[in-house]
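Observations on the three-dimensional arrangement
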Amino acid sequence: MIQRAKAGLSHPISSAYGIARERYAVLGVNTDVALAQLARIPVSIHCWQGDDVGGFENSGGQLTGGIAVTGNYPGKARTPDELRADFEKAISLIPGSHRLNLHACYAEMRGRKVDRDELGAAHFQNWIAWAKSAGIALDFNQTFFSHPKSADGFTLSHRDAGIRKFWIEHGIRCREIGAAMGKAQGEACLVNLWIPDGMKDTPADRKGPRERLATSLDAVFKKKFDRKQVVDSVEPKLFGIGSESYVVGSHEFYLGYAVSRQVLLTLDAGHYHPTEGIADKISSVLLYLPEIALHVSRGVRWDSDHVVTLTDDLQAIAQEIIWGGHVGRVRIGLDYFDASINRVAAWVIGTRNMLRALLLALVAPIEKLKKLEAEGDFTSRLALMEEAKSLPFGAVWDYHCANQNAPVGDAWLGEVKRYERDVLSRRVVS
Ligand code: RNT
Ligand code: ZN
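Described in the following lines is the structure provided in the data block. (Residues numbered from 1 in each chain as written. Chains lettered and ligands numbered in written order. Predicted model: local features only at pLDDT ≥ 70, side-chain atom pairs only at ≥ 80, totals over all residues. Heavy atoms only, no water.)

**Describing empty space enclosed by the protein**
Using a probe with the size of a water molecule, rolled over the atoms, empty space left in the structure can be pinpointed. Short version of the rule: We place a 1 Å grid over just the protein atoms. Points where a 1.4 Å probe fits but has no way out form a cavity, open points with protein on both sides within 12 Å along at least 5 of 7 lines form a pocket, and any residue with an atom within 4 Å of a point lines it. Grid points are joined across faces, edges and corners, and a volume is the space filled by probe spheres set on the points. Throughout this entry, Asp, Glu, Lys and Arg are counted as charged residues, while Ala, Val, Leu, Ile, Met, Phe, Trp, Tyr, Cys and Pro are counted as nonpolar. The remaining residues, Gly among them, count as polar.
Scanning the entire structure with this criterion turns up 4 cavities of 30 Å³ or more. Every residue lining the largest cavity is counted, 18 residues in all, and those nearest its centre are Ile67, His103, Trp194, Glu235 and Asp335. Looking at the lining of the largest cavity residue by residue, the classes come out as 6 nonpolar, 6 polar and 6 charged.

Spelled out as structure tokens, the structure:
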């Protein structure tokens, strides 16, 4: 289990909470219940923030597939052990119990060259054993990028049947690895599929690659697994670097695919047009699918994958999950990678913000708001929504952190700085 220092409830934290609790109670909100709910919501934290989406198969490999990490902050994890240690440090500073989202390129080959179509659970034994001892559940992703066989921008939709076959095999093997993870942890592993396939310039044929993709996906998903071990998801996108004019796996493509095949859909907050949020998609998609997954990210002008901050967009996503009563049906994951700041801090900031947004939604006077709306009193709905923004939320969040033995306020930063001085800054890049 991850060790957390006992923070203890100091007088100012608990008395501020007592006053806040009373204030919220006037609006019909029980903050104790809200905190108990928050403590049960896991966030699947992405491993790839820890090493700039590098992975460990062939160190020095270039990140391709239309995604990009910028920055060269020192101290990135160079080995699986370093990545695990950094992750443990990060989650010791975050309240609650969370998951780790791994990518296939984080396989441990022990010096052997194992290609993506040869991967198996054996290459993830260390991850599985570590996760078990740390009490962390794992999620998983196929890696269709940063590989010579995707260098021309196509994988499952490639015109060459041999290349398609290679990637189909990779997709199947990753689902088998996910099943092994699910079995070991006694709860399902989400296996999320995203491919980079697309074109820089206007295609002459938009249909062919999509037909090939649908056929390849059917081959990947042919083998059925126990849903208690694996749940599959597909992730759409509208554009990427080098795929500005056409992305094979677009939103409509995957929405149709997911609904017709009953696999999950992963909504990534950075994958749509600049002013198009994913919050409003949640209640629609959940009418047709039992569950969905999220990649909570922050695009700045494009799918730049900035660290998640407490924006209106983030709050809208959390409100839809909580106010819509969708908690058990939305698998919340994070997806960003910033190499310009301390990477452990990036994990902590983004995850604490995700939780903060969920808590804000949990302590909103939603019953009152829904009643006003049902009565047609939109004036009062707007008035209360706006007044609720200045309720003493900070006191509730601080109390939650202290209660969960996670640092209160920016106290976590001192711990990250100490870790940087003692551990990260000693890592020399060869
Ligand atoms: C890319 C997708 C995808 C990746 C990760 C690394 O645009 O968002 O989810 O970010 O798989
Ligand atoms: Zn994503």
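The discussion continues.
**Digging into the coordination of the zinc ion (ligand 2)**
Cut-off, in case you're wondering: In this description, a donor is an N, O or S atom within 2.8 Å of the metal centre, a cutoff extended to 3.2 Å for sodium, potassium and calcium. Water is not part of the atom list, which can make sites seem incomplete. Working rule for geometry: tetrahedral if four donors all subtend angles between 85 and 135 degrees; square planar for four, octahedral for six, if opposite donors exceed 155 degrees and the others stay between 65 and 115; irregular in every other situation. By the criteria applied, helices consist of DSSP H or I runs no shorter than four residues and strands consist of E runs no shorter than two, each listed in order from the N terminus. Accessibility here uses a 1.4 Å probe with only protein chains present; expressed as a share of the type maximum, an area under 20% marks a residue as buried, one over 50% as exposed, and anything in between as partly exposed.
At the metal site, the zinc ion (ligand 2) is ligated by Glu235 (OE), Asp268 (OD), His295 (ND1) and Asp335 (OD), and these contacts range over 2.1 Å. Geometry at the zinc ion (ligand 2) is octahedral, judged from the 6 donor atoms that bind it and their angles of 71 to 172 degrees at the metal. Read in sequence order, the donor residues for the zinc ion (ligand 2) give the motif E-x32-D-x26-H-x39-D. On the criterion of sequence distance, the pair formed by Asp268 in strand 8 (residues 264–268) and Asp335 in the loop between strand 12 (330–334) and helix 10 (343–362) is long-range, its members being 67 residues apart. Since its relative accessible area comes to 8%, Asp335 is described here as buried.

**Brief notes about the site of ligand 1**
Rule in force here: Nearness is judged by heavy atoms alone; a residue qualifies as near a molecule or strand once a single heavy atom is within 4 Å of it. Whenever a nitrogen or oxygen atom comes within 3.5 Å of another N or O atom, the pair is scored as a polar contact, on the condition that within protein one atom can donate a hydrogen and the other can accept it, and that pairs from neighbouring residues in sequence are kept only if both atoms are in side chains. Each accessible area is a Shrake-Rupley estimate made with a 1.4 Å probe; only the visible protein chains count as cover when residues are assessed. Here the criterion for a molecule occupying a pocket or cavity is that more than half of its atoms lie within 2 Å of the pocket grid points.
Ligand 1 sits among 13 residues. The nearest are His103, Glu235, Lys237, His271 and Asp335. Side-chain polar atom of Asp268 to an oxygen atom of ligand 1: 2.9 Å apart, as the coordinates give it. Contact between ligand 1 and Asp335: an oxygen atom at 2.7 Å from a side-chain N or O atom of the residue. In isolation ligand 1 exposes 300 Å². Once the protein is present, 99% of that is buried. In this structure the site holding ligand 1 corresponds to the largest cavity.

**Looking at the pattern of salt bridges**
Going by this rule: Salt bridge, as applied in this entry: a Lys or Arg side-chain nitrogen positioned within 4 Å of an Asp or Glu carboxyl oxygen.
Following the criterion strictly, the structure yields 24 salt bridges and no others. Between Arg427 and Glu82 there is a salt bridge, with its nearest N and O atoms 3.5 Å apart. Of this pair, Arg427 sits in the segment after helix 14 (411–422) while Glu82 sits in helix 3 (residues 80–91), placing them 345 residues apart in sequence. Like Glu82, Arg427 is buried. The salt bridge partner of Glu415 is Lys89, with a shortest N-O separation of 2.9 Å.

**A look at the pairing of strand 6 (residues 230–234)**
To be explicit about the condition: Note: two strands are recorded as paired if DSSP finds a minimum of 2 bridges between them.
Of all 5 residues that make up strand 6, 5 are buried, and the element is covered over most of its length. Neither face of strand 6 is exposed, since Val230, Asp232 and Val234 on one face and Val231 and Ser233 on the opposite face are all buried. Strand direction decides the pairing type here: strand 4 (residues 189–193) and strand 6, joined by 5 bridges, are parallel. Note that in strand 6 the partner of Val191 across the bridge is Asp232. Pairing analysis gives 2 bridges linking strand 6 to strand 8, with the strands arranged parallel.

**Description of the packing of helix 3 against helix 4 (residues 125–134)**
Operational definition: Here the axes come from fitting lines to C-alpha atoms, over the contacting stretch only for helices, and the angles between their N-to-C directions go from 0 to 180 degrees. For classification purposes, an angle smaller than 35 degrees is called roughly parallel, one larger than 145 roughly antiparallel, one from 65 to 115 roughly perpendicular, and anything else oblique. Each crossing is labelled by how the near helix is turned from the far one, with a counterclockwise turn of less than a right angle marking it left-handed and a clockwise turn marking it right-handed. Whether two residues touch is decided by their heavy atoms; if any such pair falls within 4.5 Å, the residues are in contact.
Remark: helix 3 packs on helix 4, axes separated minimally by 11 Å, with the N-to-C direction vectors making an angle of 25 degrees. Judged by the angle between their axes, helix 3 and helix 4 are roughly parallel. Where helix 3 crosses over helix 4, the handedness of that crossing is right-handed. Residues Pro80, Leu83, Arg84, Phe87 and Glu88 of helix 3 lie in contact with helix 4, whose contacting residues are Asn126, Trp127 and Trp130. Partitioned by chemical class, the residues of the contact of helix 3 with helix 4 number 5 nonpolar, 1 polar and 2 charged.

**Observations regarding the pairing of strand 11 (residues 302–306)**
Examined bridge by bridge, strand 10 (residues 298–300) and strand 11 share 2 bridges and lie antiparallel to one another. From the neighbouring strand, Val300 faces strand 11, where its bridge partner is Trp302.

**Quick word on unusual backbone geometry**
You will see that Asp52, though not glycine, has its phi angle at about 60 degrees, which is positive. Position of Asp52 among the secondary structure elements: in the loop between strand 1 (44–46) and helix 3. For Arg110, which is not glycine, the phi dihedral falls at a positive 50 degrees. Tracing the backbone through its elements, the reader meets Arg110 in the loop between strand 2 (99–103) and helix 4. Exposure remark for Arg110: the relative accessible area of 64% places this residue in the exposed category.

**Examining the environment of Thr64**
Positionally, Thr64 belongs in the loop between strand 1 and helix 3. For Thr64, a relative accessible area of 27% translates into the label partly exposed. Spatially, the C-alpha atoms of Thr64 and Pro42 are 30 Å apart, while their sequence positions differ by 22 residues. Setting aside residues no more than four positions away along its own chain, Thr64 makes contact with Phe145, Ser146, His147 and Ser150. A polar contact is formed between the side chain of Thr64 and the backbone nitrogen of Ser146, at a distance of 2.8 Å.

**Some words on helix 14**
We apply this condition: Working rule for helices: expected span equals 1.5 Å times residues minus one. Throughout, the arc means that of the directions going from the helix axis to the C-beta atoms.
Over its 12 residues, helix 14 extends 18 Å from the first C-alpha to the last, a length consistent with the 16 Å expected when each residue adds 1.5 Å. Among the residues of helix 14, those classed as buried are Trp412, Val416, Tyr419 and Glu420. Down the axis, helix 14 shows its buried residues gathered within 100 degrees of arc, on one side only. Elements that come into contact with the buried residues of helix 14 comprise helix 3 and helix 10.

**What to know about the environment of Gly50**
With respect to the helices and strands, Gly50 occurs in the loop between strand 1 and helix 3. When the C-alpha positions of Gly50 and Gly75 are compared, they lie 9.5 Å apart, and in sequence the two are 25 residues distant.

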